[in-house]
Amino acid sequence: MKIHKHEVIIVGAGGAGLMAALYASRGGADVAVVSKLYPTRSHTGTAQGGIGAALGNLDEDQPIYHAYDTVKGGDYLADQNAALVLAEGAVEAVIELEHMGLPFDRTPDGRISQRRFGGHTREFGKELVRRACHAADRTGHMILQTLYQNCIKRNVNFFDEFQVVDTIINDGVCVGVVAIQIGTGEFHIFHGKAVMFASGGWGRCWSVSSNAHSMTGDGAAAVLRRGVPLQDMEFFQFHPTGIYKMGILITEGVRGEGGVLINNKGERFMEKYAPSAKDLASRDVVSRAIYDEVKKGNGIKGKDYVYLDVRPETVNRFFAEEGRKERIDAAYVEKKLPDILDFCRTYLGVDPVKEPMPIQPTAHYAMGGIPTNVDAQVVIDENWTVLPGMYAAGETACVSCHGANRLGTNSLVDLIVFGRRGGMHMADYVKGVDWTPLPADAGHEIESEFKRIRSSRGKMKPYQLRAKMQEVMMENVGVYRTEKTMTEAINVLRELRHEFRTNIAIDDQGYKFNTDLMEAWELGNLLELAEVTALSARNRTESRGGHSRDDYPKRDDENWLVHTLVCRAGTDDDPQYTINTAKKVDMSLAETDERFRPKVRAY
Ligand SMILES: Cc1cc2nc3c(=O)[nH]c(=O)nc-3n(C[C@H](O)[C@H](O)[C@H](O)COP(=O)(O)OP(=O)(O)OC[C@H]3O[C@@H](n4cnc5c(N)ncnc54)[C@H](O)[C@@H]3O)c2cc1C
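Residues numbered from 1 in each chain as written. Predicted model: local features only at pLDDT ≥ 70, side-chain atom pairs only at ≥ 80, totals over all residues. Heavy atoms only, no water.

1. Re the pattern of salt bridges
This is how the line gets drawn: The term salt bridge refers to a pairing of a side-chain nitrogen on Lys or Arg with a carboxyl oxygen on Asp or Glu at a separation within 4 Å. Note on exposure labels: buried denotes an accessible area under 20% of the residue type's maximum, exposed denotes more than 50%, and partly exposed covers the range between, all computed with a 1.4 Å probe on protein chains only.
Counting across every chain of the model gives 57 salt bridges. Between Glu98 and Arg106 there is a salt bridge; the shortest N-O distance is 2.8 Å. Classification of Glu98 as partly exposed rests on a relative accessible area of 22%. In this structure, the salt-bridge partner of Arg345 is Asp351, at a minimum N-O distance of 2.9 Å. The exposure class of Asp351 is buried, given its relative accessible area of 16%. Each of Arg225, Arg494, Arg497, Glu528, Glu531, Arg568, Asp572 and Asp574 takes part in a single network of salt bridges with overlapping partners.

2. Digging into the environment of Ala505
Our working definition: Strands are runs of DSSP state E lasting at least two residues, helices are runs of H or I lasting at least four, and both sets are numbered from the N terminus onward. Residues count as neighbours in contact if any of their non-hydrogen atoms are within 4.5 Å of one another.
Along the chain, the position of Ala505 falls in the loop between helix 15 (483–502) and helix 16 (515–539). For Ala505, a relative accessible area of 9% puts it in the buried group. Sequence separation between Ala505 and Arg457 is 48 residues; the distance between their C-alpha atoms is 4.7 Å. With residues near it in sequence (within four places) discarded, Ala505 still touches Ser456, Gly458, Lys459, Met460, Lys461 and Pro462.

3. Comments concerning the sheet that holds strand 13 (residues 236–243)
As a general point, the strands of a sheet are linked pairwise by backbone hydrogen bonds and lie either parallel or antiparallel. Quick reminder of the rule: A pair of strands is treated as paired once DSSP finds two or more bridges between them. Axes, fitted as lines to C-alpha atoms, cover a helix only where it is in contact. Angles between the N-to-C directions of the axes lie from 0 to 180 degrees.
Across the sheet, which stays open at both edges, the 4 strands sit in the order 13-16-15-14 with antiparallel pairing between neighbours. The sheet terminates laterally at strand 13 and strand 14 (260–262), the two strands that pair on one side only. This sheet shows a mean twist of 50° between the axes of neighbouring strands, independent of strand direction. Pairing analysis gives 3 bridges linking strand 14 to strand 15 (residues 306–309), with the strands arranged antiparallel. Opposite Leu261, over in strand 15, you have Leu308 as the bridge partner.

4. Description of the nonpolar core
Rules: Nonpolar core, defined: a set of buried Ala, Val, Leu, Ile, Met, Phe, Trp, Tyr and Cys residues in which side-chain atoms within 4.5 Å join the residues together.
Counting residues in hydrophobic clusters, the biggest one holds 79 residues, and the most contacted among them are Trp202 and Leu230. The element contributing the most residues to this core is helix 16, with 13 residues. Judged by nonpolar contacts, the second largest core, of 54 residues, contains Ile10, Ala24, Ala90 and Tyr429.

5. Focus on the domain arrangement of the protein
Note the cut-off: What counts as a domain boundary in this text is fixed by an automatic or database domain assignment. A quick way to say it: buried area is the sum, across both parts, of accessible area lost when two parts are put together, with a 1.4 Å probe. Side-chain atoms alone can form a polar contact between residues adjacent in sequence; in general such a contact is a pair of N or O atoms within 3.5 Å, and within protein one must be able to donate a hydrogen while the other accepts it. Basically, the charged four are Asp, Glu, Lys and Arg, the nonpolar ten are Ala, Val, Leu, Ile, Met, Phe, Trp, Tyr, Cys and Pro, and anything else, Gly included, counts as polar.
Looking at the protein, the domain boundaries give domain 1 (2–161 + 364–431) and domain 2 (240–360). Spacing between the C-alpha centres of domain 1 and domain 2 amounts to 28 Å. Taken together, the contact pairs 19 residues of domain 1 with 21 residues of domain 2. Across the domain 1 to domain 2 interface the summed buried area is about 1600 Å²; carbon plus sulfur atoms make up 45%. Among the residues of domain 1 in contact with domain 2, Gln48, Arg116 and Asp137 are the three that bury the most area, contributing 35% of the side total. In this structure, the connection of domain 1 to domain 2 is made through 4 salt bridges. For the salt bridge of Lys336 with Asp105, the shortest nitrogen-to-oxygen distance reads 3.4 Å. Counting the contacts that link domain 1 with domain 2 gives 13 residue pairs in polar contact (both at pLDDT 80 or more). Residues that form the side of domain 1 that touches domain 2 fall into these classes: 4 nonpolar, 9 polar and 6 charged.

6. Regarding the side chain of Glu395
Note the threshold: Charged-residue counts in this description rest on Lys and Arg as positive and Asp and Glu as negative, His and the chain ends being excluded.
Of note, Glu395 is situated in the loop between strand 19 (386–392) and strand 20 (397–398). Although Glu395 is buried, it forms no salt bridge, and the closest oppositely charged side chain is Arg406 at an N-O distance of 6.3 Å. Of the polar contacts made by the side chain of Glu395, one reaches the backbone nitrogen of Ala366; its length is 3.0 Å.

7. Concerning the packing of helix 1 (residues 15–26) against helix 4 (residues 139–153)
Selection rule: Convention used here: angles under 35 degrees read as roughly parallel, angles over 145 as roughly antiparallel, angles from 65 to 115 as roughly perpendicular, and any remaining angle as oblique. Handedness of a crossing is defined here by the sense of rotation of the near helix relative to the far one, left-handed for an anticlockwise turn of less than a right angle and right-handed for a clockwise turn.
It is the contact of helix 1 with helix 4, at a shortest axis distance of 9 Å, that shows an interaxial angle of 30°. One finds that helix 1 runs roughly parallel with respect to helix 4. Of the two possible hands of crossing, helix 1 and helix 4 adopt the one that is left-handed. Across from Gly15, Leu18, Met19, Ala21 and Leu22 in helix 1, the residues of helix 4 making contact are Leu144, Leu147, Tyr148, Asn150 and Cys151. Taken together, the residues of the contact of helix 1 with helix 4 break down into 8 nonpolar, 2 polar and no charged.

8. Some words on the site of the ligand
This is how the line gets drawn: The cutoff for a nearby residue is simple: one of its non-hydrogen atoms must lie within 4 Å of the molecule or strand. Reported accessibility uses the Shrake-Rupley method at a 1.4 Å probe radius. Residues are deemed covered only where the shown protein chains occlude them.
Not every one of the 39 residues close to the ligand is listed here, only the nearest: Ser42, His43, Thr44, Val164 and Glu395. Between an oxygen atom of the ligand and a side-chain N or O atom of Glu395, the distance comes to 2.6 Å. The contact in question runs from an oxygen atom of the ligand to an N or O atom on the backbone of Thr409, over 3.4 Å. Burial of the ligand by the protein chains amounts to 98% of its free accessible area of 1000 Å². Secondary structure elements with two or more residues in the shell around the ligand: helix 1, strand 3 (31–35), strand 8 (162–170), strand 16 (357–366) and helix 12 (410–432). Among the elements that take part in the shell around the ligand, helix 12 stands out by supplying 4 residues, more than any other. Residue composition of the shell around the ligand, grouped by class: 14 nonpolar, 21 polar and 4 charged.

9. Some details on the pairing of strand 8
In terms of burial, strand 8 is a largely internal element, 8 of the 9 residues being buried. As paired elements, strand 8 and strand 9 (residues 173–181) share 8 bridges and run antiparallel to each other. Each bridged residue has a counterpart across the sheet, and for Thr167 the counterpart in strand 9 is Val177. The antiparallel hairpin formed by strand 8 and strand 9 contains 2 residues in its connecting segment, where Asp171 sits at a positive phi of about 55°.

Rendered as structure tokens:
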């Protein structure tokens, strides 16, 4: 196998990976970014609505208000020190993005324009605040382009279309990764002093998903197999507004601009569920409300969807009812939401300026993931023990600043704040440590696993197993869950895993761009992550944030202000999972400010 040696190896070229690469290289490290996609095709490029920062350009705002919203939005499971680092770091990081050349929308006097987003308020919940900085509805695209260009400027080494398939740990130190060059099928080893996983989420476990096809959780699954725990996997966010049946995301920015949710009776139903925040209540609340409306028979045409209405006449009517002075017109909607209008016109034949959009909740964002501290170092137990040389940032990591439910615009903040901190930390770390050698058999195990998959001549195609997994996850481990539905899901997932191990069919025997083979391997990751999601969810006998149980509808602060750590032992054929709930949530802000103490749920 070809061996590449760079001090810092970063897996993934989304916002988190690129920000870390930029800062590690500025800190003097020799950096390689290994990415299965061409960097600017990463999912960060699809982020629409905005990036939150308490700049206070349009309304009075402060980082502490942002931290409060993050903790409350996360239903008090967020580590409060991490939420504060996020909110404070956001201001500096956004201004820095601006200075790097990111073309934000502007206020009339030339400052960065900001819009409202769900759950973002001022003065500890007093009223909604304009905090989301945006570049039309293409904020993520602009972040990715800006960071990529700056990485190129700094001569960061890019290995594009190399898919990482295993982690190498030697003597308790992370020393590298094994990757397959997709274009040739060859195995390569990347040997580093520090390795960061910034490989994104796993929304493809569910059938209706806003996530790109590439979101298969490769990094999280690869470290889980090597004994690193995953944290809070039961918390997966369903975004309330995906295009009906397709899952394609309609940004919360639509509601931030005044759009409203309407049922088949023409009612703005969020008034009943969240009388003050209404359509801009946090995502878990709105997704549940849509499910409840559908259950009551209030779905449009009796089906399982509702309308999202941003027609100027509708928006202006509700603005007037609420005593708000602003008014919008078609030109404003075209300017602020060009991509959304384009998606709806292209995929649905619906023109949102003239008609409401049919929407349903869509699997969107992993709150859980690889546990880290605020410097992006991976921690492996309840005592915050660091695994030397291993880092994680972005959606694949769990800092945990989002707790049980992430607020809109806070993922992009997470990428740049913790990507940057991780990059700086790695640059320092690699200066102070010697190279740990690679183990003699590095890469052998995963090479034989690929031989096994390649030679599988069973009956099931990987896509058939994937469709079954996605359906069972959507039905049984979706917005609402119970002991019964989750146990059923676990049993089905075990059967699917057995099929995957013994009965799949790989047709393509080539080496160049063998997507048949790579998709089969990705399915293995999804099956593994689906199972630990269901196991973690069944274990948590309460409802909190994105985890809603019909059989345990109440939040239980006495017993459950703890993180879930799920670990894997055993073999690929018979994995043994253990769940540990000894890691307590950091409550440091609550110690001095009672507003940060968990209160009765406000909704
Ligand atoms: C449609 C949509 C809209 C969104 N809108 C917003 C928004 O407005 N505001 C907000 O805050 N958040 C938003 N989010 C969430 C946010 O965009 C993501 O959580 C975030 O961009 C993830 O960034 P990341 O850097 O962690 O990973 P990604 O951007 O997903 O990148 C993952 C990277 O890892 C690489 N990779 C994966 N597996 C491997 C492997 N095996 N080997 C090598 N490389 C690998 C990929 O090539 C890619 O470069 C949105 C998400 C979606 C899906």
